[in-house]
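Descriptive structure summary
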Amino acid sequence: MIWFFRSFLIVLSLIVLFGCRPSGKEGVVITVAGSTSVQPFAEKLAEIYMEHHRSLIINVQGGGSTAGIRSVRGDAADIGSSSRDLREDEKDLRETVIAWDGIAIIVHPKNNIHNLNLTQLRDIFAGKIKYWSELGWVHKSIHFVTREEGSGTRCAFEEMVMHDVPISDEALVQDSSGSVREIVAHDPHAIGYISYGIVDKRVNALSIDGVELNLRTIKEKKYEITRPFLFVTKEEPHGLVRDFIDFLLSSEGQRILEMEGLVGVR
Amino acid sequence: MKEKIIEKILMLLAFSAIGALLLMAIFIFKEGMPIIFKVGLKNFLFSAHWAPTKGYFGIFSMIVSSLFVTIGALIIGVPLSLACAITLTEFVHRRLMRILKPTIELLAGIPSVVYGFLGVVLLVPLIRDYLGGPGLSLLASSIILAIMVLPTITSISIDAILAVPYTYKEGSLALGATHWQTIHMVILKAARSGIITAIILGMGRAIGETMAVIMVAGNALKIPTSPLDPVRPLTSNIALEMGYAAGDHRAALFATGIVLFVFIMIFNVSANIITKRWQRE
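Conventions used here
- Residues numbered from 1 in each chain as written.
- Chains lettered and ligands numbered in written order.
- Predicted model: local features only at pLDDT ≥ 70, side-chain atom pairs only at ≥ 80, totals over all residues.
- Helix = DSSP H or I, 4+ residues; strand = E, 2+ residues; numbered from the N terminus.
- Contact = placed C-beta atoms within 7 Å.
- Nonpolar A, V, L, I, M, F, W, Y, C, P; charged D, E, K, R; others polar.
- pLDDT = per-residue confidence, 0-100.
- Buried ≥ 20, exposed ≤ 12 C-beta atoms within 10 Å, placed from the backbone.
- Pairing = 2+ DSSP bridges.

Moving on to the overall build of chain B. Broken down by element type, chain B carries 12 helices and 2 strands. Listing each helix as α and each strand as β along chain B from the N terminus yields α-α-β-β-α-α-α-α-α-α-α-α-α-α. Across its three principal axes, chain B shows a C-alpha extent of roughly 70 × 70 × 30 Å. A separation of at least 24 residues holds for 73% of the contacts in chain B among residues at least 6 apart in sequence.

Laid out in structure tokens, this is it:
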């Protein structure tokens, strides 16, 4: 028995030793931590940026906007990413808006409703408005689709639309924007929310308070459910961090972001 | 000497399988237990308020959903599987059975994501259009799971029925019983321990299935009141939220795993006990 455990331990330690060895690439590391909504875009940009700068390693992590901002303050990360505005007690940090994202409220193309206000939207997701007839359409129950707990899009939706009202238990829950869109594209009585970037022809994006959703209304912040994607640094960015942020704001960086479905800042 | 070495190597391999299971169990419990102690076992199991990012960890609705979905799958799946098993053993030619049984077993080899996808594309719209509700529902998950447990239950039941001594059947027919009477009064009764084991193993598969269910269940947190309501079983809860979970939220998902683990343990142990008890009779 002892013999068995000893050989087991040896094997285990070998795995740990060789499995975790760094790949041998030496270089400077920039850590970007924070919003899970920003993460895929930051990863994409970091990947392209690293192709041009071989000696640089950009490490992109999730964890949420608040955690990202906190880790910048604690020097655990060089850049914090946030998908919400800075709060009052975070204003001492430097922020750079790298892009805008509008959250589209989508319905089936057959749906007669083209405009909602924020109160109606909140009541739908709180489970207070249960039938489309209450909004002036057919007497069918509303199938509202939300994202899973912890998702960045859900967090932004809760903050900008729901305020302190919880989303009803009856909501259908999907774990990606793609599957929310899939449900809404097939169910005439469904409603859901997704990032502006992945709205396509199979669903209708509603106007909010009479403001249509498009690039311009997002850029001018007229569309109400718009959120900034921020890069937050402890002090005015300098050196390599400055270079990376400049790359994001350059026409190439912005073009990549727009290709991925965000709205650029230029 | 050489034989000794090979013996030791084989033993090491056998132990490594048990070791893996043990390590997994230890890890799940280590990660999940603290949050159960923190919110209290009673609150964790019997509160239906799940809002992990806001500090509420109640999985009651998911336990109920898991049980409903499993029971639903059995209600639909068991009669089908048993009918399948009886037909194949009693009413078709042996040679045909040797072709059909592997075909049914092939169903078990189809990846669950394919079942889920078929469910979303074919079954969900049918339910939505003809029965109402959002389509993603308890009923849809039960039907998909019923098809998924079909090969397990059918195949083990066939083996159980074939294991019944032929003399029983001859004796029953000689006493004047019809073929059907012989089947349900003699053969099924003699094979019942195997059939019950088959059903319990099918239950284990149904309650543990994740991917297919997550796609067709709708994942709503409410305790279902009708078969057309969306549900969120335990497995879906873990898979759905693990992506962004951190801290207590992540621990609560591991704790959900503990509950699932206990369920499946209960199923397997009771399958073993039932088999043993009836074998003794």
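Time to look at the environment of Arg 227 of chain A. Residue and element names in this part refer to chain A. Mapped onto the elements of the fold, Arg 227 is located in strand S11 (residues 226–233). For the pair Arg 227 and Ser 82, spaced 145 residues apart in sequence, the C-alpha separation works out to 9.7 Å. Sequence-distant contacts of Arg 227, that is, excluding residues within four places in its chain, are made with Ser 83, Arg 84, Asp 101 and Ala 156.

A few words now on the environment of Ile 167 of chain A. Residue and element names in this part refer to chain A. Locating Ile 167 in the fold gives a position in the loop between helix H5 (152–162) and strand S7 (172–174). Spatially, the C-alpha atoms of Ile 167 and Tyr 223 are 22 Å apart, while their sequence positions differ by 56 residues. When near neighbours in sequence (up to four residues on either side) are disregarded, Ile 167 contacts Phe 125, Ala 126, Thr 146, Glu 158 and Met 162.

Here the focus is the interface of chain A and chain B. How big an interface is tends to be reported as the loss of accessible area on association of its parts. Facing the 21 residues of chain A at the interface are 25 residues of chain B. Elements represented by at least two residues in the side of chain A that touches chain B include exactly helix H1 (2–19), strand S2 (56–63) and S7 of chain A. Of the residues belonging to the side of chain A that touches chain B, the class tally is 6 nonpolar, 9 polar and 6 charged.

Summarising the model, chain B shows a mean pLDDT of 92, and 100% of its residues fall at 70 or more. Scored as a whole, the predicted complex attains pTM 0.82, and scored at its interfaces, ipTM 0.83.

Bringing the pairing of strand S4 (residues 94–107) of chain A into the picture now. Along a regular strand, successive side chains alternate from one face of the sheet to the other. Residues and elements named next belong to chain A. S4 sits mainly inside the fold: 10 of its 14 residues count as buried. As defined by bridge partners, S4 adjoins strand S8 (residues 190–195) across 5 bridges and the pair is classed as antiparallel. Residue pairing across strands places Ala 104 opposite Ile 194, the latter belonging to S8. Note: S4 against strand S9 (residues 204–205), 2 bridges, orientation antiparallel. Pairing of Ile 106 across the sheet is with Ala 205, part of S9.

All names here are of chain A. A positive phi is found at Asp 75, a non-glycine position, where the angle reads about 65°. We classify Asp 75 as exposed; it has 9 C-beta atoms within 10 Å. With a phi close to 50°, His 163 is a non-glycine residue in the positive phi region. Inspection of the secondary structure assignment puts His 163 in the loop between H5 and S7.

Bringing the pairing of S11 of chain A into the picture now. All names here are of chain A. Burial analysis of S11 places 6 of its 8 residues in the buried class, the great majority of the element. Pairing analysis gives 3 bridges linking strand S3 (residues 79–82) to S11, with the strands arranged antiparallel. Among the inter-strand pairings, Gly 80 is bridged to a residue of S11, identified as Val 232. Where S4 meets S11, 8 bridges bridge the pair, whose relative direction is antiparallel. Of the residues in S11, the one forming a bridge with Thr 96 is Phe 231.

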